[in-house]
Structures are given as C-alpha cells and as structure tokens.
Amino acid sequence: MPQVQDVAAFLAMRDRGLPLLDVRSPGEFALAHIPGALNLPLFSDEERAKVGTAHARSGREGAVHLALELVGGHLAAMLARARHLCGGTREILLHCWRGGMRSDSMRWLLETGGFTVHRLEGGYKSYRAFVRASLARPRPILVLGGYTGCGKTDILNELQRLGSQVIDLEGLARHKGSAFGALGQAEAQPGNEWFENQLHEQWRRCDPHRPVWLEDESRHIGHVTMCDEFFAQLGRSPLVRVTLPEEERVAHLVRDYAAPEMRDGLLAALERLQRRLGSELTQRCRQWIDAGSYADAVRAVLHYYDRCYAHQIGQRQGPVLKELVCTTDDPALAARLLHEWEQGLSPETFAVPSL
C-alpha cells in the first residue's frame, strides 16, 4: 500500500534525516526544489518535453507508452543511483511535480529494489502552496530600519550571535538591496521560488512565540521579489529605527565598497543610477572614484538613497516602536542594547493585524 504524506509530515520526516529524492527533470530541480532534496530524474529535460507533447497529442496512453520506451533500458541504473544517493538508508521520501505518474513509477521501481517509500501528497506543487500559506500566516516580527550605511546587516548578525531570532533577507537574496547590492556577492541571485523556499525553511524553524528580526526592505531585493503575502506582513510589523551620523555611514560604505576589484562594478551601478542622479553628478562621482576619493562619491549618492528611504518609511503601515540613536558605528553595542530591550517586551507588542 503506497505511503502518502502531507507536506507537514513529509518535511518532519526529512528533518529526522530521511533522504529526499526529487524525480523531476534536472531543469525543474535547478529552478527550485525543497531544501535538502537530491535529484533523481525519471526523465531528462528533453525527454520530459517529449512525454508532454505525446500526452497533448495522444492522451495518457500515448504518454505512458513513450515514457516506457524512454526509461525502460535505464531502470537498473536509476536503482543503482538511488542506492548511491541514499547510502545505507532504505526508507526514503519521494516526490515529483504533482504526485502523479513520475513519482508513482519511481516508487514502484524503488520498492521493487527494497526501499520503503513515502510519497508527497500533491507533489512539489502542494509544497509550494504550503510555503506561500506559511509565509502569509501572521508571526511576531521586529523590522530593523535605518538609512543606508548604518550597519543594519552587521547589527542583525550580532543579534543572532546573542540568541535573537534573525533571518537575513539580503543574504538569502544574495544582494544588498541597492543599485550597488550585487557587488561583492560570490554567487548570482536565486529566482523568486528558490528564495521563498529558503525563506520558508528558516521561517518554519523559528519559535512562533518569539519575534523574528528582519531588515526593512523594499519589495525588490535586486532581481528577487518578495511574495505579496510576506511583504505585506513585513510592512505591517513594528519598526526599530537605527540612526548613525552621516560621516560614520560614509566610512562604513567606503569600507564595504572601496576595494579596487569593485571599481568597474561601482561605475556600472552609477550608469544605472544616472537618470536619477543626473548626468552632471554622475560624472563627478566617476571622477571621484577614478581619483580614489570614494568618500566624496558616497556622500553624493547617499543623498539620493536617503530620500528614497524616507519615502519608503512613509509608506509603512507598522508603527515605529523604538529609535536607537548611535554615535559610532558599533554593531556589537547596538545589538546588545536591542537584545536587552527585546527581552523586556511583552507578546502583545508584536500583534500584527491580518489583511
């Protein structure tokens, strides 16, 4: 009798260490998958396209016939690959896109080969619906905001070290959120779907009775776009605003972006901002960067970003819960003060109205 699990039970079994095999095509898997999954494709991308065409032209019977022709000679190799991926474990988790023919066919093969198989009810499609519903569910959030260069990410890292619950949205998006945000990133940005899957993975592991610290972001973090449900919750949550003198912020940004290997990236980002900065100011910034006068270029660009952030603050629905005025760029001290303050808050502080 097939053992079919709903999403919550399926993820709980994965958390206990059962191997998770995703039998979708390599292209589907590369786009996004359940964190921790291993790809054991029943079809290549090309074969999946052929089966889909056969289904459209000849119905299920024609698609099944073609599928058998395509995979019939590879069953032993697939079984061997599954054994390699799962090591000595013979109880496994399995899913395809909708919980249909691909996962059922692979279940038969693996059970014939001695595995105990738990399939995901509704497949990856049901997991994605579960992710979106979870991210929409109100949870206690504290949003850390402040003008560009005040060290919000560093403060969040220190808060996490002290034991606060923190999710680094920019880290998940692999982008710092501005026109310069891709500089210094070792990897390209993920797609929206993979970003949401990773966000949900951290979200579900947080204690729902304690607040989660998040940075105040616009809906777009580089090319990544937060889903409506989660972004709405972020905008309704209370804000903790950090302020830092302008020269401290300038020094912070110079430390982050004044590396020689970033010069070309800085100039390219300036080109993208030219329409907003104006041609004359953009040209002066280029000259300052060429001369190594990074602080002058940063001051000029900061004025633009400060106006943008002031507008963003004005659009928020959530209240400003606390102002932390810092005189020096000391993330460890700021985090300690915020962590101590957080410990004294009551649960009612984080009440978030539903949409």
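Our subject is the structure listed above.
Bear in mind that the values here come from a model prediction, so they are computed numbers and not experimental data.

Undergrad: Help me understand the packing of aromatic side chains in this model?
TA: Between two aromatic rings, the relevant description is the distance of the centres plus the angle of the planes. Enumeration according to the criterion identifies eight aromatic pairs in this entry. Both rings, one in Phe180 and one in Tyr257, keep their centres 6.4 Å apart while their planes meet at 55 degrees; by these two values the pair is tilted. Taken together, the residues span a long stretch of sequence, with Phe180 in the loop between α8 (169-173) and α9 (192-205) and Tyr257 in helix α11 (residues 246-257) at a distance of 77 residues. Per residue, the accessibility class of Phe180 equals that of Tyr257, and both read buried. Consider the rings of Trp203 and Phe230, whose centres lie 5.3 Å apart with planes at 85 degrees: the pair is edge-to-face. With a gap of 27 residues between them, Trp203 in helix α9 and Phe230 in helix α10 (residues 228-236) connect regions that are remote in the sequence. Through successive ring pairs, a cluster of aromatic residues spans Phe180, Tyr257, Tyr304 and Tyr305. Taking the ring centre of Tyr124 as reference, the NZ or CZ of Arg24 above it sits at 4.0 Å. Residue placement shows Arg241 over the ring face of Tyr147; its charged tip is 5.4 Å from the ring centre.

Undergrad: Honestly, the environment of Gln3 in this entry has me stumped. Any pointers?
TA: Position of Gln3 relative to the elements: it lies in strand β1 (residues 3-5). For the pair Gln3 and Thr349, spaced 346 residues apart in the sequence, the C-alpha separation amounts to 43 Å. Excluding anything up to four places from it in sequence, Gln3 contacts Thr116, Val117, His118 and Arg119. Looking at Gln3, its side chain comes within polar contact range of the side chain of His118, at 3.5 Å.

Undergrad: Would you take a moment to explain the side chain of Glu170 for this structure?
TA: Looking at the element boundaries, Glu170 is found in helix α8. Among buried Asp, Glu, Lys and Arg side chains, Glu170 stands out as unpaired, with Lys152 the closest opposite charge at 6.5 Å. Each residue touching Glu170, except ones within four places of it in the same chain, is listed here: Thr153, His175, Lys176, Gly177, Glu215, Glu217 and Ile221.

Undergrad: Sorry, what's going on with empty space enclosed by the protein here?
TA: To find leftover empty space, a probe the size of one water molecule is rolled over the atoms. Taken as a whole and assessed by the stated rule, the structure comprises one cavity of 30 Å³ or more. Computed from the structure, the largest cavity encloses a volume of approximately 50 Å³. What lines the largest cavity is simply Cys150, Gly151, Ile155, Val242, Leu244, Cys326, Thr328, Asp329, Asp330, Pro331 and Ala334. Partitioning the lining of the largest cavity into residue classes produces seven nonpolar, two polar and two charged.

Undergrad: I'm lost on the pattern of salt bridges in this one. Help?
TA: Oppositely charged side chains are able to pair whenever their charged atoms sit close together. In this structure the tally under the stated criterion is 26 salt bridges. Where Glu28 meets Arg102, a salt bridge forms, and the shortest distance between an N and an O atom there is 2.8 Å. Separated by 74 residues along the polypeptide, Glu28 in helix α2 (residues 26-31) and Arg102 in helix α5 (residues 101-112) bring together distant segments of the chain. Exposure remark for Glu28: the relative accessible area of 12% places this residue in the buried category. When the shortest N-O distance is used, the salt bridge between Arg204 and Glu201 registers 3.8 Å. Pair noted here: Arg204 and Glu201 are both in helix α9, with a separation of three residues, about one helical turn. Overall, Arg204 belongs to the partly exposed group, its relative accessible area being 28%. One salt-bridge network, held together by shared partners, links Arg14, Asp15, Glu201, Arg204 and Arg205.

Undergrad: I tried to follow the sheet that holds β1 on my own but got confused; where do I start?
TA: As a general point, the strands of a sheet are linked pairwise by backbone hydrogen bonds and lie either parallel or antiparallel. Read from one edge to the other, the open sheet built from five strands follows the order β1-β5-β4-β2-β3, with strand pairing classed as parallel. The sheet terminates laterally at β1 and β3 (38-39), the two strands that pair on one side only. Two strands pair when backbone bridges link them, and strand β4 (residues 91-95) and strand β5 (residues 116-120) are joined in this way by four bridges, in the parallel orientation. Residue pairing across strands places Leu93 opposite His118, the latter belonging to β5.

Undergrad: In this structure, what is going on with the nonpolar core? I would like to understand it.
TA: The nonpolar side chains of a soluble globular protein tend to be buried with one another. Counting residues in each nonpolar core, the largest one holds 38 residues, and the members touching the most others are Ile167, Leu169 and Phe230. Breaking this core down by element, the ones donating at least two residues are α1 (7-15), α6 (123-136), β6 (141-145), α8, α9, β8 (212-215), α10 and α14 (294-315). Setting aside anything within four residues of it in sequence, one finds Leu169 in contact with Phe195, Leu199, Leu214, Glu215, Glu217, Ile221, Met226 and Phe230. Leu267, Ala269, Ile289 and Tyr305 belong to the second-largest nonpolar core, a separate cluster that totals 24 residues.

Undergrad: For this particular structure, what's the right way to read the pairing of β4?
TA: Sheet faces and side chains relate simply in a regular strand, where the side chains alternate between the two faces. Of all five residues in β4, four are buried, a share of seventy percent or more. With three bridges joining them, strand β2 (residues 20-22) and β4 adopt parallel strand pairing. What sits directly across from Leu20, in β4, is Leu93. Between β4 and its parallel partner β5, the chain crosses via α5, and the hand of that crossover is right-handed.

Conventions adopted
- Residues numbered from 1 in each chain as written.
- Predicted model: local features only at pLDDT ≥ 70, side-chain atom pairs only at ≥ 80, totals over all residues.
- Heavy atoms only, no water.
- Phe/Tyr/Trp six-rings, centres within 6.5 Å; stacked < 30°, edge-to-face > 60°.
- Helix = DSSP H or I, 4+ residues; strand = E, 2+ residues; numbered from the N terminus.
- Buried < 20%, exposed > 50% of the residue type's maximum accessible area, 1.4 Å probe, protein only.
- Lys NZ or Arg CZ within 6 Å of the ring centre and 35° of its normal.
- Contact = heavy atoms within 4.5 Å.
- Polar contact = N/O pair within 3.5 Å; in protein donor to acceptor, adjacent residues only side chain to side chain.
- Lys, Arg positive; Asp, Glu negative; His and termini not counted.
- Salt bridge = Lys/Arg side-chain N within 4 Å of Asp/Glu carboxyl O.
- 1 Å grid on protein atoms, 1.4 Å probe; cavity = no way out; pocket = protein on both sides within 12 Å on 5 of 7 lines; lining within 4 Å.
- Points joined across faces, edges and corners; volume = space filled by probe spheres on them.
- Nonpolar A, V, L, I, M, F, W, Y, C, P; charged D, E, K, R; others polar.
- Pairing = 2+ DSSP bridges.
- Core = buried A, V, L, I, M, F, W, Y, C linked by side-chain atoms within 4.5 Å.
- Right-handed = clockwise from strand over helix to strand, strands pointing away.

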